[in-house]
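The primary structure of each chain is shown beneath.
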Amino acid sequence: MAGNPSFIPSGDGTVWSDVSPLLAASCKELGDGELIHGENFSLFAAMSALEIMDPKMDSGMDNGRYHSIDEAIESGAAPIPLSVDKTVDALCVIDVMDHLLSCEATWHKGHSLAQTIFSCLYLLRLDRTSSHVLLHSYCRVVRAICNAIISVVSDARTHEEEDLFTMAYGLPLGGQKDDGCLSFLTAVEETLCRQLRACKAPTEKKMAIEDVEPLQPNPNLEEGFCKALLCRLRFRKHFYHLLLCLRKPQGRGFELARKHISFCLSELERMGATSMFLISVAGTSCDDGSLVKTTASGRQPVGFDPNVNLRSSAPAPPRSIKTLSWKKALEYFDKLLHDLETICSFSLDPLLENVLHFIVQFQKLQPDLVARAHLQLLLVQNGKLYGRDSSFSVICRAAALPVSVKDHEIQKNEVVVELGLSMINLLKLLCTNIAWQRRKLGKVLQDWRVIYVQLELAFKKEFGEFSNMSNDENLSMKLAKHILVWVDEQAYWIASRFLLMGFELDLYSPTEYCMVYWYIYVVLIKLAEKTHLRVLASKDTAKRKGKKKRESMMDNAKDYMIPPAVMLLQCYIYLAEGLATMLAALRNERKVFLCTGPFNTEHERFIQHFEHLQKACLPDHISYISFKEWTARASLSTLVTYNHFKDAQRIAKELKNIFANDPDRMAELRHVEQVAEHNSIALNVISQVGSLDPTLKVSFEFTYHPFFAVAIVKRS
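These notes cover the structure that comes with them. Because the structure is a prediction, the values reported are computed rather than measured.

Before going further, it helps to examine the packing of aromatic side chains. Considering all chains together, one arrives at 28 aromatic pairs under this definition. Arranged with centres 5.3 Å apart and planes meeting at 80°, the rings of Tyr332 and Phe333 form a pair that is edge-to-face. Residue classification places Tyr332 among the buried positions, given a relative accessible area of 5%. Look at Phe333 and you get buried, because its relative accessible area is 0%. For the pair Phe606 and Phe610, a centre-to-centre distance of 4.9 Å together with 75° between the ring planes defines the contact as edge-to-face.

Quick look at the structure:
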């Protein structure tokens, strides 16, 4: 070995040391999912590494049985008919339908099209199925649905999250047009309906019914097979109709889409109810195997090979994937349909603040890629909100400007145009998955800050210093002031979203909660300030001339009332300040929740978490030194005297009267009250028992709110 060249480049200054103590310490400190790496191990290096045991990335472990599709078909892997026994043939067709549903759900979850839906040999050679009308009609509509979903995800460009999703690998997605698939499917459905009526008719009336050939020879099974096939075909028909309705511009197909969603949910329920019948016919056992079986009958389907496309589509990961079970596939489509129903219930509100609120609430449902792609296409069409409102008109409305200014010349300003593009891109970004979204939001923060500076310089160059403006300033000056206030507010909204999403992604450890809540506290203060300015500006814009003196006095009194949006932010501010102070006091007095260990120092962690905000100067003059100075003054006695949690409770109760007709806000206020109440109780317990009591153990859990923790106090 001494004669071999070193694999690690080293110079004269290289010092080798034993890393065993470091590895031992890392085993004790690192939790599940955490990573330790050197400074020279970059994201590029991580992406270039070979990944093993990941079904989407590992390669070369299973090369399949067949070298080509033709070889698989010639070997009898996809017979037509599926069996000479018509009863078995009907059961096999249902197995193919069920397995295709499982494959489709697996594809939606991010696996490749080549190894999921197009592992079906019947889909790869669709012309072979033309003699089998049941199978042919189903395969045609599945292919049409694949095309529709690929189109949606590609147009929305959310497929960047899952590079494999839209890769077609030269698969037969095109060819024969799918326009006629619904009429063909409807004809097959009508035939099945006649067969069902024939088998259900009383014996004396059977002769009166038109001559209908039964699906299979066993009359005792005919009704069950007809019902099982009908609900599967009808689900596909309504699901395809639903996708077509959702693509209609400006939500014009929503009313009809909701009807198709209702039909789809009913057919899904019927599909689930057919499992016992199919299991009894197949003679399989009804046990916990349903968690892995991909068909309702529990049998292995014929006509599938997940590796058949391996040699004809090089980019496809060659390892066999784990297909979702049929039961999980039903659950996936049930959730997808409910998510799409939520989108269809949206009123297409033109106010950006309400649009952002809807997106944030929708993301709490944890929607998958297909639902999020549909939401993005609804929100952004042809560079406009809903395909109807230009970006400048949306900004004017959001910045509390009168509708009459939407055609003002200022919209042609280069920086204003860039602002409009940034606003549209923000809407698109908020529709991506939360991990991708948070990474991008960190970078977007700096873009918005740069735009603010550019706008400020451009407006000053054109109108002069804003401080020198008179009360009779012209419309262009008002426009400039309103837009600047709104851009500043939006930057702080993005910053708050960036910080809070860290909790959803479990990016913060308990030792870092103190700095995180402190940073949230300072950002929310700025956000509340900017929001209040914007609301006051909107009231000023809305005032009418020629009001009576009494009305004018009443308006002036209302101006001093704090807007509900700002009051809600105040609730969050009190919670964040209370948690940050409690954690800082516990660190100072009990020496707990300290950032210790052989790894990153507290300062390094501060930089890692808030680097994007620091670069964007959000807020100005905030640094690690500011954090240390603030925490050094924290004490439990002071926190008990100025109980921030009680203030949050008080405001939440006031807001309940205002948001009585808003179920989302009411639910949020209940969670805020619970967090505030439990933390207030925990604070009193710690104060009464004494913070120095060694038997007192304090931990933090997210029991009532995803972002604001609750202190749990126990004796050891």
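Alright, that's what it looks like, and here's the rest.
Let us now look at the nonpolar core. Membership of the largest hydrophobic core comes to 225 residues, with the highest contact counts inside it found for Phe239 and Phe700. With 17 residues, the top contributor of residues to this core is helix H18 (residues 475-504). Phe239 has contacts with Glu104, Ile145, Ile149, Cys264, Phe333, Leu336 and Leu337, leaving out every residue within four places of it along the chain.

Right, let's get into the pattern of salt bridges. Tallying each qualifying case throughout the model produces 30 salt bridges. A salt bridge links Lys328 to Glu331, with the nearest nitrogen and oxygen atoms 3.8 Å apart. Linking Lys328 with Glu331, this pair stays in helix H12 (residues 326-344), spanning three residues, or about one helical turn. Here Arg534 ties to Glu353 by a salt bridge, and the two come within 3.6 Å at their closest N and O atoms. Placement of Arg534 in helix H19 (residues 513-542) and of Glu353 in helix H13 (residues 352-363) is noted, with a sequence separation of 181 residues between them. Classification of Arg534 by relative accessible area gives buried; the value is 12%. Where salt bridges share partners, they join Arg449, Asp488, Glu529, Lys530 and Asp620 into one cluster.

Here we take up the packing of helix H9 (residues 219-246) against helix H10 (residues 254-273). Helix-helix packing is described using two parameters, namely the angle between the two axes and the distance between the axes. Viewed as axis vectors pointing N to C, H9 and H10 meet at an angle of 155°, and their least axial separation amounts to 8 Å. By the angle class used here, H9 and H10 are roughly antiparallel. Note that H9 runs across H10; the crossing there is left-handed. Between H9 and H10, the contacting residues are Cys231, Arg232, Arg234, Phe235, His238, Phe239, His241, Leu242, Cys245 and Leu246 on the first element and Phe254, Leu256, Ala257, His260, Ile261, Phe263, Cys264, Glu267, Leu268, Arg270 and Met271 on the second. When the residues that make up the contact of H9 with H10 are grouped by side-chain class, the tally is 14 nonpolar, three polar and four charged.

Among the structural elements, Ile94 can be located in helix H4 (residues 86-108). In this structure Ile94 comes out as buried when scored by relative accessible area, which is 0%. Excluding residues within four positions of it along the chain, Ile94 makes contact with Phe225, Ala228, Leu229, Arg232 and Leu278.

If you check helix H6 (residues 133-156), its first and last C-alpha atoms are 35 Å apart, about what 24 residues at 1.5 Å a residue would give, namely 34 Å. Along H6, 19 of the 24 residues are buried, which leaves the element largely enclosed by surrounding structure. A positive phi of about 60° marks Arg157, the residue just after H6.

Let us look at the packing of helix H21 (residues 564-590) against helix H23 (residues 624-632). Running from N to C, H21 and H23 cross one another at 75°; their axes reach a closest spacing of 9 Å. Comparing their axes, H23 and H21 come out roughly perpendicular. Residues Glu577, Ala580, Thr581, Ala584, Arg587 and Asn588 of H21 form the contact with H23, whose own contacting residues are Phe627, Lys628, Trp630, Thr631 and Ala632. Along the lines of polarity and charge, the residues of the contact of H21 with H23 split into five nonpolar, three polar and three charged.

Leaving glycine out, the prevailing phi sign among residues is negative, and the prevailing peptide bond configuration is trans. Residue Pro81 is bonded to the preceding Ile80 through a cis peptide linkage, with omega at -5°. Following the sequence through the fold, Pro81 ends up in the loop between helix H3 (69-74) and H4. Its identity is not glycine, yet Asp506 carries a phi of approximately 60°, on the positive side. Following the sequence through the fold, Asp506 ends up in the loop between H18 and H19. One non-glycine residue with positive phi stands out, namely Phe593, at about 55°. A relative accessible area of 15% places Phe593 in the buried class.

Right, let's talk about a nonpolar patch on the surface for a bit. There is a patch of nonpolar side chains on the surface, built from Val19, Leu22, Leu23 and Ile36 and spanning about 330 Å² of accessible area. With respect to the helices and strands, Leu23 occurs in helix H1 (residues 20-29).

Reading the values: rules and limits
- Residues numbered from 1 in each chain as written.
- Predicted model: local features only at pLDDT ≥ 70, side-chain atom pairs only at ≥ 80, totals over all residues.
- Heavy atoms only, no water.
- Phe/Tyr/Trp six-rings, centres within 6.5 Å; stacked < 30°, edge-to-face > 60°.
- Buried < 20%, exposed > 50% of the residue type's maximum accessible area, 1.4 Å probe, protein only.
- Core = buried A, V, L, I, M, F, W, Y, C linked by side-chain atoms within 4.5 Å.
- Helix = DSSP H or I, 4+ residues; strand = E, 2+ residues; numbered from the N terminus.
- Contact = heavy atoms within 4.5 Å.
- Salt bridge = Lys/Arg side-chain N within 4 Å of Asp/Glu carboxyl O.
- Axes fitted to C-alpha atoms, helices over the stretch in contact; angles between N-to-C directions.
- Parallel < 35°, antiparallel > 145°, perpendicular 65-115°, else oblique.
- Left-handed = near helix turned anticlockwise from the far one by under 90°.
- Nonpolar A, V, L, I, M, F, W, Y, C, P; charged D, E, K, R; others polar.
- Expected span 1.5 Å × (residues − 1).
- Patch = residues over 30% accessible without salt bridge, like charges linked within 9 Å, V, L, I, M, F, W, Y side chains within 5 Å.
- Areas by Shrake-Rupley, 256 points an atom, 1.4 Å probe, with all protein chains shown as cover.

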